[in-house]
Amino acid sequence: MENLLHNCYNLSITILCLSNFIHHLELLLIRKSFTTLIYFKESGQKGSVMGLYNGNTKQYFCAVQIAVTCLATYFFWMQGLSPLFKILFALLSLSHLYSYVKRKIGRDGADQVRLLSFLAFSLCFFASGEWLKILPLFFIGGQLLILYGTSGAIKLGSVHWRKGNVLADILGTHSFGNGKVAAYLKKHPNLEKLFSHSAIAAMLFVPLTFLLPLQPLFLLALACIFMFHISTALLMGLNDFLFTIPLMYPAVFYLYKVVHSGTLIL
Amino acid sequence: MLLKDGIIMGILGGFLLLSMFFQMRGKLPFKKIWRFDTYGIMPNYSFFAPNPLTNDFRVVFRLSTPNGNEGFQEIRLYKFKKWYRFVLNPFKYYNKGLIDLCVALIHEYKHLDEDAKNFIQISANYLGIFNVIKNELMDSQKICTNGELEFSILVTQDTTIERSCSVVFRSFKHKIQQNGEPVT
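As the structure is a computational prediction, the values presented were derived from the model and not from experiment. (Residues numbered from 1 in each chain as written. Chains lettered and ligands numbered in written order. Predicted model: local features only at pLDDT ≥ 70, side-chain atom pairs only at ≥ 80, totals over all residues.)

S.K.: What should I look at first to understand the overall build of chain B in this one?
M.R.: When helices and strands are tallied, chain B shows three helices and six strands. Reading chain B from its N terminus to its C terminus gives the helix and strand order α-β-β-β-α-α-β-β-β. Here chain B holds 184 residues, and the buried ones make up 28% of them. For chain B, contacts bridging at least 24 residues in sequence account for 49% of all contacts bridging at least 6. (Helix = DSSP H or I, 4+ residues; strand = E, 2+ residues; numbered from the N terminus. Buried ≥ 20, exposed ≤ 12 C-beta atoms within 10 Å, placed from the backbone. Contact = placed C-beta atoms within 7 Å.)

Here it is in structure tokens:
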């Protein structure tokens, strides 16, 4: 309880750095011809400041991002919020924003969460005292509640998801699929329905339990949704969510503690 | 709390509120105000809902050379799945990128007037797919500067059975320039 704010902040920053490391490692590993698709040049556009459309330059860009991420994490753990760490982190945020804006296709929710987290942490470097840590945690915690609330509510409102027969079809695709699991679910429609409905329940469980003063229940909700991310990473290859969304868990936990204790925990 | 803390709180709090409204944008008035978000910064948290993607896009292309037509070949879109993709899955960016291009191209084509369908050739998405094919040909060293290239987008369902397959888009035929770019 004593160091709750600092622990949550440190954990959140560390997971964000890990997520950024994996993201750029993946972009570095993609074949050059694939990179030109992701950063493809729109007709009439005259290229970019950093030449991201050029496969080689893009690979240098990713390598630099990886190096800066490692350095920033090292300085953060060794020296805390030192000016050097702040500069490196702000550089990462700006380059991440630039890369995000340039990559108009192939983006997903994890990219958005990572970008917003980078920007929020960097912006709050200008804040004074403990607000530097409290404000980004509040913001990211709030984003998590919107994320699961929206995702769960839209699925609940969807006829396909309510019927409970979408999982086999989603997993039956090459893009996000696993043929064997899809075939198994097709043969067991009740199991498919159970999994579809439990995905919706797990998402809505987080914002609902956030409102209740029952901490174990809230932690259980976070554990359930984390299991959901593990399963989507295993079955669908959505590993980005597995390494990005958990950076919001310490933030939402801190927010939960503040809301239910009625006081800022420093 | 200092003034600068208040300003930062206002910015972050305002963005949180905007994020919340953005999720409900379909049901709120003033939909056009979201056009200011040209770079897609506002987060979209719908994830596979309300209508999840339950089919695959496949891009096939055919190269016609002076020696005759080659058969249709498929872009290698789904051949890079590895067991460790739950930790490291670089290929997802390419996969998602190509899906986004296909979806955007089909959407664009559908919304063009009948007499303006030809203009699809100068669409960024159309040229993007051509670029993918060019890279594919270059990788296999099959690029031909005096041939003609065309492509089609197919939609299939179910990895195991391939129970349905339909053509949803057919490109025009294009001559290939010296640098491998299509003549549009």
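Structure shown, so let's carry the discussion forward.
S.K.: In this structure, what is going on with the overall build of chain A? I would like to understand it.
M.R.: The helix and strand tally for chain A stands at 13 helices and zero strands. Along the chain direction, N to C, the helices and strands of chain A fall in the order α-α-α-α-α-α-α-α-α-α-α-α-α. For chain A, with 266 residues in total, the buried portion stands at 46%. A sequence separation of at least 24 residues applies to 62% of the contacts in chain A between residues at least 6 apart.

S.K.: Help me understand the pairing of strand S1 (residues 56-65) of chain B in this model?
M.R.: For a regular strand, the rule is simple: side chains alternate between the two faces of the sheet. All names here are of chain B. Note: S1 against strand S4 (residues 148-157), nine bridges, orientation antiparallel. In the sheet register, Arg58 faces S4, and the bridge partner there is Leu154. Bridge count between S1 and strand S3 (residues 73-74): two bridges; the pairing is antiparallel. Its bridge partner being in S3, Phe61 is matched across the sheet by Gln73. Both S1 and strand S2 (residues 68-69) contribute to a ladder of two bridges, which runs antiparallel. Pairing of Ser64 across the sheet is with Asn69, part of S2. Where S1 folds back on S2, the antiparallel hairpin that results is connected by two residues. (Pairing = 2+ DSSP bridges.)

S.K.: Looking at this model, I keep getting lost on helix H3 (residues 124-139) of chain B. Mind explaining?
M.R.: In an α-helix, one full turn covers 3.6 residues, which means residues spaced three or four apart are oriented alike. Compared with the 22 Å implied by 1.5 Å per residue over 16 residues, the 22 Å span of H3 of chain B between its first and last C-alpha is a close match. Of all the positions in H3 of chain B, only Asn125, Tyr126, Leu127, Gly128, Ile129, Phe130, Asn131, Val132, Ile133, Lys134 and Asn135 of chain B are classed as buried. (Expected span 1.5 Å × (residues − 1).)

S.K.: I keep staring at the interface of chain B and chain A and nothing clicks. Help me out?
M.R.: Counting residues at the interface gives 57 residues for chain B and 56 residues for chain A. Grouping the amino acids of the side of chain B that touches chain A by side-chain chemistry returns 31 nonpolar, 17 polar and nine charged. (Nonpolar A, V, L, I, M, F, W, Y, C, P; charged D, E, K, R; others polar.)

S.K.: Could you clarify how one ought to interpret the confidence of the model for chain B in this entry?
M.R.: Should pLDDT be low for a region, the predicted coordinates there are not to be read in detail. All names here are of chain B. Overall, the predicted model of chain B reaches an average pLDDT of 81, with 87% of residues at or above 70. Between the elements of chain B, mean pLDDT differs from a low of 70, seen in S2, to a high of 93, seen in helix H1 (residues 3-23). For this predicted complex, the interface confidence reaches an ipTM of 0.88, while the overall pTM sits at 0.88. (pLDDT = per-residue confidence, 0-100.)

S.K.: Can you walk me through the nonpolar core in this structure?
M.R.: It is characteristic of soluble globular proteins that their nonpolar side chains tend to be buried jointly. Residues Leu135, Leu137, Met248 and Ala251 of chain A are the most contacted members of the largest nonpolar core, which totals 76 residues. The element best represented in this core is helix H6 (residues 131-157) of chain A, accounting for eleven residues. The contact partners of Met248 of chain A, leaving out residues within four places of it in the chain, are Val113, Ile140, Gly141, Gln143 and Leu144 of chain A. Ranked by size, the runner-up nonpolar core spans 26 residues in total, among them Cys62 of chain A together with Val59, Leu105 and Phe169 of chain B. (Core = buried A, V, L, I, M, F, W, Y, C linked by C-beta atoms within 7 Å.)

S.K.: When you look at the pairing of S4 of chain B in this model, what are you seeing that I'm missing?
M.R.: Note: S4 of chain B against strand S6 (residues 174-175) of chain B, two bridges, orientation antiparallel. Directly across from Glu148 of chain B, in S6 of chain B, lies its bridge partner Lys175 of chain B.

S.K.: Where do I start with helix H13 (residues 249-261) of chain A in this structure?
M.R.: Residue and element names in this part refer to chain A. Over its 13 residues, H13 runs 18 Å from end to end, which matches the ideal 18 Å to within 8%, given 1.5 Å per residue. For H13, the set of buried residues is Tyr249, Pro250, Ala251, Val252, Phe253, Tyr254, Leu255 and Tyr256. Elements in contact with the buried residues of H13: helix H1 (4-29), H6, helix H10 (189-210) and helix H11 (215-236). In the segment just after H13, Gly262 is the residue with positive phi, at about 75 degrees.

S.K.: Would you explain the environment of Ile41 of chain B in this entry?
M.R.: All names here are of chain B. Along the chain, the position of Ile41 falls in the loop between H1 and S1. The exposure class assigned to Ile41 is partly exposed, which follows from the 18 C-beta atoms found within 10 Å. Remark: the alpha-carbon pair of Ile41 and Ser19, spanning 22 residues in sequence, is separated by 9.7 Å.

S.K.: What exactly am I supposed to notice about the packing of H10 of chain A against H11 of chain A here?
M.R.: All names here are of chain A. At a minimum axis distance of 9 Å, the contact between H10 and H11 shows a crossing angle of 150 degrees. Taken together, the axes of H10 and H11 lie roughly antiparallel to each other. When you trace H10 past H11, the crossing you get is left-handed. Contact residues: H10 offers Ala199, Ala202, Met203, Phe205, Val206, Thr209 and Phe210, while H11 offers Leu217, Phe218, Ala221, Leu222, Cys224, Ile225 and Phe228. In the contact of H10 with H11, the residues fall into 13 nonpolar, one polar and no charged. (Axes fitted to C-alpha atoms, helices over the stretch in contact; angles between N-to-C directions. Parallel < 35°, antiparallel > 145°, perpendicular 65-115°, else oblique. Left-handed = near helix turned anticlockwise from the far one by under 90°.)

S.K.: Explain the packing of H1 of chain A against H6 of chain A to me, please; I cannot follow it from the model alone.
M.R.: All names here are of chain A. H6 packs onto H1 with a crossing angle of 65 degrees between their chain directions and a minimal axis gap of 10 Å. The element H1 and its partner H6 pack so that their crossing is left-handed. Touching Leu5, Cys8, Tyr9 and Ser12 of H1 are Lys133, Ile134, Leu137 and Ile140, all from H6.

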